[in-house]
Amino acid sequence: MDDTVRYQPPDAVRDRAPYPVRRGSRDTVRRRSPNAPPRSFLWTRRVVLTLLAVFALTPVYVMLSSSLKPLKDVQGAFGWVPSALTPRPYIDIWHTVPLARYFLNSLVVAVSSTLCAVVVAVFAAYAISRYRFTGRRFFSVTVLSTQMFPGILFLLPLFLIFVGIGNTTGIALYGSRGGLVLTYLTFSLPFAIWMLIGYFDSIPRDLDEAALVDGCGPLGALLRVVVPAAVPGIVAVCVYAFMTAWGEVLFASVMTNDTTRTLAVGLQGYATQTDVYWNQVMAASLVVSVPVVAGFLLLQRYLVTGLTAGAVK
């Protein structure tokens, strides 16, 4: 038998209690917090989020179900529940077109352009954020203004420049991975610089001064103090640059050939003059989206922090 004496508040105290207390019971019924949102708002939020989730996941379900159907079922009337499932499209995608080569090209180009954009942007943004020099404001405005123009305006000039360089120096930029990396830097680098300027501005200058007092030079202060403190912003820039290069179609369709073609353009190979392999298109689309989705999920917390800090400044 439990001999513990339970405390029962007097009637006067019980009447003034912020929540009702039931005699002889350990259960309590607490009132809602005065700062809690109304129940109508909570239910509205649930309904809206559910509708948005359905809206976002329906195309993914259609792609997944179509990628597991035979071709004749995909070409026929669409059904939400597949009548037959087969993993064959995920095997055929590697043989119908050289998908592995396209995957390697996209990976090399995306990683190279991301690393180049981040390295250059870190030094450029640090110089603009920490030093005052002639033309600083003009350079910042010029970098930001490049984002106002559509990419198609740069397509023909870059094509003529690459062809001219190849004819003059023999350096083959057109149709090469290096040329595509330089092309992607033209629109990923300005955004990376502008974003890191705002993030570096949010880092106290006292950290730089403390590093200088401890014996570090400007470069040592940047690499040992500022860069570790700016990891969320740098990760956000990496994700943006990689996603931009991974799914880019316009420049890749003009600046590449059969050897250097990337995934975004190579998926067109599943459409022939006589037929379109829709089940393989869906399967290949899901396969090529795995690296981006996985990277986004792994780096999501850094991405949100980096974008928020850059937007505040």
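This one's a predicted model, so the numbers in the text were calculated from it and none came from an experiment.

**Concerning the overall build of the chain**
- In terms of regular secondary structure, the chain is built from 15 helices and zero strands.
- Burial statistics for the chain: of 313 residues in total, 32% are counted as buried.
- Restricting to contacts in the chain with at least 6 residues of sequence separation, those with at least 24 account for 72%.
- Per element, the accessible surface of the chain, about 19400 Å² overall, is 67% carbon and sulfur.

**A few points about the packing of helix 8 (residues 177-201) against helix 11 (residues 231-246)**
- Running from amino to carboxyl end, helix 8 crosses helix 11 at an angle of 160°, the nearest separation of the two axes being 10 Å. Taken together, the axis directions place helix 8 and helix 11 in an arrangement best described as roughly antiparallel. Crossing of helix 8 against helix 11: the hand is right-handed. Contacts between helix 8 and helix 11 involve Tyr184, Phe187, Ser188, Phe191, Ala192, Met195, Leu196 and Tyr199 from the first element and Pro232, Gly233, Ile234, Ala236, Val237, Tyr240, Ala241, Thr244 and Ala245 from the second.
- When its residues are assigned to classes, the contact of helix 8 with helix 11 shows 14 nonpolar, three polar and no charged.

**Digging into the nonpolar core**
- If you look at the biggest cluster of nonpolar residues, it comprises 29 residues, and the most contacted ones within it are Val122, Ile193, Leu196 and Phe200.
- The element contributing the most residues to this core is helix 8, with 10 residues.
- Those residues within four positions of Leu196 in sequence are excluded, and the remaining contacts are Ala121, Val122, Ala125, Gly233, Ile234 and Val237.
- Core analysis: the next-biggest nonpolar cluster, separate from the first, contains 27 residues, Tyr102, Leu155, Leu173 and Val281 among them.

**Digging into helix 14 (residues 278-298)**
- With 21 residues, helix 14 extends 30 Å between its outermost C-alpha atoms, agreeing within 8% with the 30 Å of an ideal straight helix rising 1.5 Å per residue.
- At Val290, helix 14 shows its largest kink, close to 40°, and the proline Pro291 lies no more than four residues downstream.
- Listing the buried residues of helix 14 in full gives Asn279, Gln280, Val281, Ala283, Ala284, Ser285, Leu286, Val288 and Val292.
- Structurally, helix 14 contributes buried residues whose contacts are with helix 2 (39-67), helix 3 (71-75), helix 4 (88-96), helix 5 (99-130), helix 11 and helix 13 (263-266).

**Observations regarding the packing of helix 5 against helix 11**
- Two elements in contact, helix 5 and helix 11, have axes separated by 8 Å at closest approach and are oriented at 145°. Two packed elements cross with a definite hand, and for helix 5 against helix 11 that hand is right-handed. For the pair formed by helix 5 and helix 11, the contact residues are Phe103, Ser106, Leu107, Ala110, Val111, Ser113, Thr114, Val118 and Val122 on the first element and Ile234, Val237, Cys238, Ala241, Phe242, Ala245 and Trp246 on the second.
- Looking at the contact of helix 5 with helix 11 residue by residue, the classes come out as 13 nonpolar, three polar and no charged.

**Observations regarding the pattern of salt bridges**
- A full pass over the atoms with the stated rule returns three salt bridges.
- Between Asp208 and Arg130 there is a salt bridge; the shortest N-O distance is 3.1 Å. Note that Asp208 is positioned in helix 9 (residues 205-213) and Arg130 in helix 5, a separation of 78 residues in sequence. One exposure class covers both Asp208 and Arg130, and it is buried.
- A salt bridge links Arg261 to Asp258, with the nearest nitrogen and oxygen atoms 2.6 Å apart.

**Some thoughts on the confidence of the model for the chain**
- Averaged over all residues, the pLDDT of the chain equals 81, while 85% of them reach at least 70.
- The element-level mean pLDDT for the chain is lowest in helix 1 (residues 11-16), coming to 49, with helix 5 highest at 91.
- Low pLDDT, under 50, characterises residues 25-29; the predicted model gives this stretch six contacts beyond four residues in sequence or across chains.

**Some remarks on the environment of Val62**
- Along the chain, Val62 turns up in helix 2.
- Expressed as a C-alpha distance, the spacing of Val62 and Phe78, which sit 16 residues apart in the sequence, is 9.4 Å.
- With residues near it in sequence (within four places) discarded, Val62 still touches Phe78 and Trp80.

**Notes on the packing of aromatic side chains**
- All told, the structure shown has 10 aromatic pairs when counted by the stated rule.
- With centroids separated by 6.2 Å and ring planes inclined at 85°, the aromatic side chains of Tyr126 and Phe200 adopt a geometry described as edge-to-face. Here the residue Tyr126 occupies a position in helix 5, and Phe200 occupies one in helix 8, the gap between them amounting to 74 residues. Phe200 matches Tyr126 in its accessibility class, with the two residues each being buried.
- With a centroid separation of 5.9 Å and 50° between ring planes, the pair formed by Phe191 and Trp194 is classed as tilted. Taken as a pair, Phe191 and Trp194 lie in helix 8 at a separation of three residues, close to a single helical turn.

**Some details on the side chain of Ser285**
- Position of Ser285 relative to the elements: it lies in helix 14.
- Those residues in contact with Ser285, other than ones at most four positions away along the chain, are Met63 and Leu267.

**Describing the environment of Thr142**
- Among the structural elements, Thr142 can be located in helix 6 (residues 136-145).
- As a C-alpha pair, Thr142 and Pro190 span 48 residues in sequence and 9.0 Å in three-dimensional space.

Conventions we followed
Residues numbered from 1 in each chain as written. Predicted model: local features only at pLDDT ≥ 70, side-chain atom pairs only at ≥ 80, totals over all residues. Heavy atoms only, no water. Helix = DSSP H or I, 4+ residues; strand = E, 2+ residues; numbered from the N terminus. Buried < 20%, exposed > 50% of the residue type's maximum accessible area, 1.4 Å probe, protein only. Contact = heavy atoms within 4.5 Å. Areas by Shrake-Rupley, 256 points an atom, 1.4 Å probe, with all protein chains shown as cover. Axes fitted to C-alpha atoms, helices over the stretch in contact; angles between N-to-C directions. Parallel < 35°, antiparallel > 145°, perpendicular 65-115°, else oblique. Left-handed = near helix turned anticlockwise from the far one by under 90°. Nonpolar A, V, L, I, M, F, W, Y, C, P; charged D, E, K, R; others polar. Core = buried A, V, L, I, M, F, W, Y, C linked by side-chain atoms within 4.5 Å. Expected span 1.5 Å × (residues − 1). Bend = angle between axes of the 7 residues up to and from the residue. Salt bridge = Lys/Arg side-chain N within 4 Å of Asp/Glu carboxyl O. pLDDT = per-residue confidence, 0-100. Phe/Tyr/Trp six-rings, centres within 6.5 Å; stacked < 30°, edge-to-face > 60°.

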